[in-house]
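These are the residues of each chain, in order.
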Amino acid sequence: MTERTYGVTPPISTALPTEQEKALNKALHDELRAQGTFESRAETEKRKEVLAQLEKITNAFVQRAAREKHGKNAILIRDAIGRVFTYGSYRLGVYGPGSDMDTLVVAPKYVTVEQYFRIFPEVLVEMAPPAAITDLTPVPEAFVPIIKFEFSGISIDLIFCSIQTLIQLPADKSWSLADNNLLRGLSENAVRSLNGTRVTDEILHLVPEPATFKLALRAIKLWAQRKAIYANIMGYPGGVAWAMLVARVCQLYPKATSAVIVNKFFNIMLKWPWPLPVLLKDIEYNGPVTRVPVWNPKLYASDRNHKMPIITPAYPSMCATHNVGRSSMVVIQQELKKGAEVTEEIMLGRRPWKDLFTKHTFFTSGFKYYLTVISSSRTKKAQNVWSGFIESRVRLLVNKIEMHPSIALARPFNKGYDRMHRCKNDAQVEEVVSAGSLAYVYTPPAFGDEKVKSETKSEVKQEVKQEVRQDDVIQDGVPVKQEKAEVRAEDGVRIKRELSEEVQLPPPTNVKPEPHDDEAKVKLEDIPEKEAQPEDMEIYTTNHYIGLQLVEGAKSLDLSREVNDWKAMCMSNELYEEGLMFLSIQHLKNTALPDDVFEPGEVKPRPGKKVLKRGASEEPSKQQPPAKRQAHVQPRAPAAQQPSSTATAAAG
């Protein structure tokens, strides 16, 4: 009996693992556990309970929708059910503590998207345990219909699809979405919704050893996240793309351990002859069940432009990395090269696995110049919509910038930084939304076990308002958690006390209380009223940072055209509401980066000391009278000859 061949080519090696490779595999597993990539059994059971409750809620939702559409058909209403499928990291089995759960609701043909957004949130809140549902946010304007919420502390992204070929869904628990005929009659949005689960299932079906694949994928995911090259929306491969790359290496080494797969991953992908596509199986071109086009560079010019095509295995095959641009591909190649060097040393026993998972240096030493894109709104709800839209458009700005002749590399950071500001007047609001000031950042205090959600981590907040200079737009005013006990340094910076430090209470006063007299009552009208204080205006901002590397010999940089064109495109979108939403782009040097982008232990770049050069008249051999000696500073070159990061644009 011949062994099954996985993939579109024969394997490179079918050798069994050696004892050394087994030992390295155990060391990799131990390191991933030490890095906290595995979830506790209790948390996993909690996820299963949430999914079971979502199944019941989905059935109730479909029955209510059936009652609306077919109120007289008692049998249809009685048998109406929906199904809940997962996809992404949870379905692949590589989820970790705090991971989102990507989930899909499948319904019969008569259930509409309008009913999904109108009825499902009501049923969800009604049937879930009290206070279990938080941050409920329907997003009807998204490309695929999605409702975001937290269910008992687990973040859920719930998308929707109704099957146009089924009036009732099968009750069989083993029923899957593998049949291509389920795609008949679906729009492109609906096909994409359904294909999340279909692609995940195909990946697991196309790897020789699922357990080996999963451990190797955990390692590659952690590596990509630590190197800040994990985000499809920002032009890097997302979770599914990285999974397909690991799966392809598993196909080429079907009997290897996860440790060997990780090492081979870097060597193979570093040398991959892009734009040759990565395929897990042959593309299906003869399946006319949907009008959604199959990836085909021979027919479509847009497909020919893909720089790093990784093709999904489920019909209709699509490119999972169409967002990858010139700069992001350069960054990925750089990190693959470093990973190959490190894993070669690890396989020889010269370095530990933890060296593979060191953090990126994007802020600490990656670049000298940055752009920061600041989306802001007056309300949290508006900011959720506006910042999400701007985030999806940052890569388009990067594409424009990297075409500039003075730009060698434009690298976007893979996450945004959310901040809340409290301003007392319109002038302060203008400083925040236009100049990017952090002088009014406010971080709500955390009470008990309540979580304060923020992408940012910080230790110190500058109390004194910082002036915004033209050359250093953002100063060091940074958000912190407010502590009950605090001390103030001489420079006005609030510093957290150590927990062991005693808090000194104020000394008792000598003022005696008035004698108690039951008849001496204080009248309400006798209490003086406080003068009404103007309420603080809350502003919500999200900052995205783009590192800029200039070409060698560049003397100046003017990005005003690229920036203004991009801003005009964003602000012409129907989502934009003038007066409620704002968009600004600022340039800054690495020394002006805010403190909250640095984690504890990281060193923020500091301005270099200027060295005064001696003039010829000051050489020791020349004995000049002390009164006539002067320090001779070399004159600066004209502004046009100085390297600059200025994006000369009206950023407001």
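Details of the structure are given in the entry above.
Only a predicted model underlies this, so the values are computations on that prediction, with no experimental measurement involved.

**Q** Describe the overall build of the protein, with residues and values.
**A** Counting its regular elements, the protein contains 15 helices and 13 strands. Sorting the 652 residues of the protein into buried and exposed places 47% on the buried side. Intrachain contacts of the protein at a sequence separation of at least 6 include 73% that bridge at least 24 residues.

**Q** Break down helix α1 (residues 19-34) for me, with residues and values.
**A** Taking 1.5 Å of rise per residue, the 16 residues of α1 would be expected to cover 22 Å, and the 23 Å separating its terminal C-alpha atoms lies within 8% of that figure. Listed as buried for α1 are L24, N25, L28, E31 and L32. Angularly, the buried residues of α1 cover 125° about the axis, an arc narrow enough to put them on a single face. Of the exposed residues in α1, the ones pointing more than 90 degrees away from its buried face are E19, K26 and A34. Those residues of α1 that are buried lie in contact with α7 (210-226), α9 (258-270) and α11 (326-347).

**Q** Hey, could you go over the packing of aromatic side chains for me, with residue numbers and the actual values?
**A** One pass over the full model with this rule turns up 28 aromatic pairs. Taking 6.0 Å as the distance between ring centres and 45° as the angle between the ring planes, the aromatic pair formed by W272 and W274 counts as tilted. Comparing W272 with W274 shows no difference in burial state: the two are buried. Relative to Y370, the ring of F362 lies with its centre 5.6 Å away and its plane at 65°, an arrangement referred to as edge-to-face. Through a chain of ring-to-ring contacts, the aromatic side chains of F362, F363, F367, Y370, F413, Y417, Y545 and F598 assemble into a single cluster. Positioned above the aromatic ring of F38 is the side chain of R218, whose terminal nitrogen or guanidinium carbon lies 4.2 Å from the ring centre.

**Q** Explain the pattern of salt bridges residue by residue, including any values.
**A** Applying the stated criterion to the full structure yields 22 salt bridges. Between E39 and R47 there is a salt bridge, with its nearest N and O atoms 2.9 Å apart. Like R47, E39 is buried. Across the salt bridge formed by E602 and K359, the nearest N and O atoms sit 2.8 Å from each other.

**Q** Pulling in residues and values, what's your account of helix α2 (residues 41-69)?
**A** The terminal C-alpha atoms of α2, which comprises 29 residues, lie 42 Å apart, in line with the 42 Å expected from a rise of 1.5 Å per residue. Along α2, the residues that are buried comprise T44, R47, V50, L51, L54, E55, I57, T58, F61, V62, A65 and A66.

Thresholds, definitions, all that
- Sequence order as written defines residue numbering, which begins from 1 separately in each chain.
- Where totals are concerned, whole chains, interfaces and linings use all residues; where local detail is concerned, this predicted model gives features only for residues with pLDDT of at least 70, and gives and counts side-chain atom pairs only at 80 or more.
- In computing side-chain properties, one takes all heavy atoms of the structure into account and sets aside hydrogens as well as water.
- Note on conventions: DSSP H or I runs of at least 4 residues are helices, E runs of at least 2 residues are strands, and numbering of each starts at the N terminus.
- Accessibility here uses a 1.4 Å probe with only protein chains present; expressed as a share of the type maximum, an area under 20% marks a residue as buried, one over 50% as exposed, and anything in between as partly exposed.
- The contact rule is simple, with two residues in contact once any of their heavy atoms fall within 4.5 Å.
- Any helix carries an expected span of 1.5 Å times its number of residues minus one.
- As used here, the arc belongs to the directions running from the helix axis to the C-beta atoms.
- Only Phe, Tyr and Trp rings take part, Trp by its six-membered ring, and two of them pair if their centres are within 6.5 Å. Stacked means planes under 30 degrees apart, edge-to-face means over 60, and tilted covers everything else.
- Placement of a positive charge over a ring is assigned whenever Lys NZ or Arg CZ falls within 6 Å of the ring centre and within 35 degrees of the normal to the ring plane.
- Salt-bridge detection follows one rule: a side-chain nitrogen of Lys or Arg within 4 Å of a carboxyl oxygen of Asp or Glu.

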